[in-house]
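Residues per chain, in single letters:
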Amino acid sequence: LKICFVNISYRTKELMKLPRRWYQILTRISARGHEVAYVSISPLGRIGNAYIAYGLGFCFSLWKTLGTGADVFLANGIETGALSHLSKRLRRKKFVFDYTDYYAVLAHYEGYKLRTYYAPFLQKTIPKLADHVIVVKEEFREQCLSYGVSEGKITVISDGADTKIFNPDIKGDEIREKLGIAENPLVVYVGKVEEYYNLDILIRAASVVIKHEPSTKFLLVGPGRSLTYLKTLAKKLGVSDSVVFAGFQPYERIPHFIGAADVTVFPHSEGIAIFEYMACGKPIVKPKEKAGDILEHLQTGFLLEDRTPRSFAEGIIEILHNKRLASKLGNNARSLAVEKYDWEFLVDNYLRVLQNV
């Protein structure tokens, strides 16, 4: 099988270094003997207007995509989906759309005003144009059904983790020693530090937790454009000494940062980091999914009914105080990750879709 994956470049170079879902899946598909070609839509030349620069880049990428000779065109973005659909029509091949995000919502955070107008239309249209839609969670399956995509054309394949690389044996002691927090209770977030992720909630939650547990430290690991704002907020709330911003870290170091945690947190209901927390056997505090959450409250995670600083703080404090609960949640989450959410298992299902579309 020959697959052409169409990607789009980020404005922030550090974000491009993160091994996202498509990387985890496609590198494993390549390792199984299938051919994968990568085409990226990038702004062409030094053109000040981003729409013109990306528009020209789109045209250039179409030429490259058509030249791959792919059997299946694969995309996980609305613009890349449009290019993949066009390539499919011109080459009379297949197009699979991997529905992974809240595209219309994200458009509001990107800074391109025009994109906020066309994103909702493409979000509804691209899944209908695809020969098959892979969705990362149940909520997106329900959205696709509401758009008019037939149920038989939709497959749910969640994110996952490499449960060998991410495992409970990694304790992160060197991370704690390096940061001078060997004995402190530690709350860890791993992911993008962007406005969309609402990390101000975690900083505000930290101010509540520290009032109850003054020795608690918060560690935020990841790159993004919100670092300056969050540091200013931490200073304003008087928690600068308790919140550490580690910035971008090489991916091979991420298990060590997670391993250092007593509690892991995520301000959204889904994200690859959640599966990596699970694989490391860590108790997780996160908002509950609207439909079909992979975790069960007080069994495999601590799920919040609302996404507020107070709710996060209460969940964190409960886990810090209840060691038995923390151990139970971490052990159960690890078992679930190994059983259902290892990338190797998920790739079997993903490849099956691509071969049978």
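Our subject is the structure listed above.
Residues numbered from 1 in each chain as written. Predicted model: local features only at pLDDT ≥ 70, side-chain atom pairs only at ≥ 80, totals over all residues. Heavy atoms only, no water.

Draft legend 1. The arrangement of the sheet that holds strand β8 (residues 217–221) in detail. The strand order across the open sheet formed by six strands is β9-β8-β7-β10-β11-β12, and the pairing between neighbours is parallel. For this open sheet the edge positions go to β9 (243–247) and β12 (302–304), each flanked by a neighbour on one side alone. In this sheet, adjacent strand axes meet at a mean angle of 20° when their direction is disregarded. When strand β10 (residues 263–265) meets strand β11 (residues 284–287), the two strands line up parallel, connected through two bridges. From the neighbouring strand, valine 265 faces β11, where its bridge partner is valine 285. In this fold helix α13 (residues 309–321) packs onto β7 (186–190), β8, β10, β11 and β12, with an angle of close to 160° to the strand it touches most, β11. (Pairing = 2+ DSSP bridges. Helix = DSSP H or I, 4+ residues; strand = E, 2+ residues; numbered from the N terminus. Axes fitted to C-alpha atoms, helices over the stretch in contact; angles between N-to-C directions. Contact = heavy atoms within 4.5 Å.)

Draft legend 2. Up close: helix α9 (residues 200–212). The end-to-end C-alpha separation of α9 is 19 Å, in line with the 18 Å expected for 13 residues at 1.5 Å each. Ile201, Leu202, Ile203, Ala205, Ala206, Ser207, Val208, Val209 and Ile210 are the residues of α9 that are buried. As for α9, its buried residues are in contact with β7, β8, α10 (227–236), β9, β10 and α13. (Expected span 1.5 Å × (residues − 1). Buried < 20%, exposed > 50% of the residue type's maximum accessible area, 1.4 Å probe, protein only.)

Draft legend 3. Inspection of the sheet that holds strand β2 (residues 35–41) at higher detail. As summarised here, the arrangement of the six strands in space is β2-β1-β3-β4-β5-β6, forming an open sheet in which the pairing is parallel. Both edges of this open sheet fall to β2 and β6 (154–156), since each of them pairs with a single strand only. Ignoring which end each strand starts from, the neighbouring axes of this sheet average 20° apart. Inspection of the sheet shows strand β1 (residues 2–8) paired to β2 by seven bridges, in the parallel sense. Residue pairing across strands places cysteine 4 opposite alanine 37, the latter belonging to β2. Strands β1, β2, β3 (72–75) and β4 (94–99) of the sheet are contacted by helix α4 (residues 78–91), whose axis makes an angle of about 170° with β3. On top of the sheet, helix α6 (residues 113–129) reaches β4 and β5 (132–135); it is set at about 135° to β4, its chief contact.

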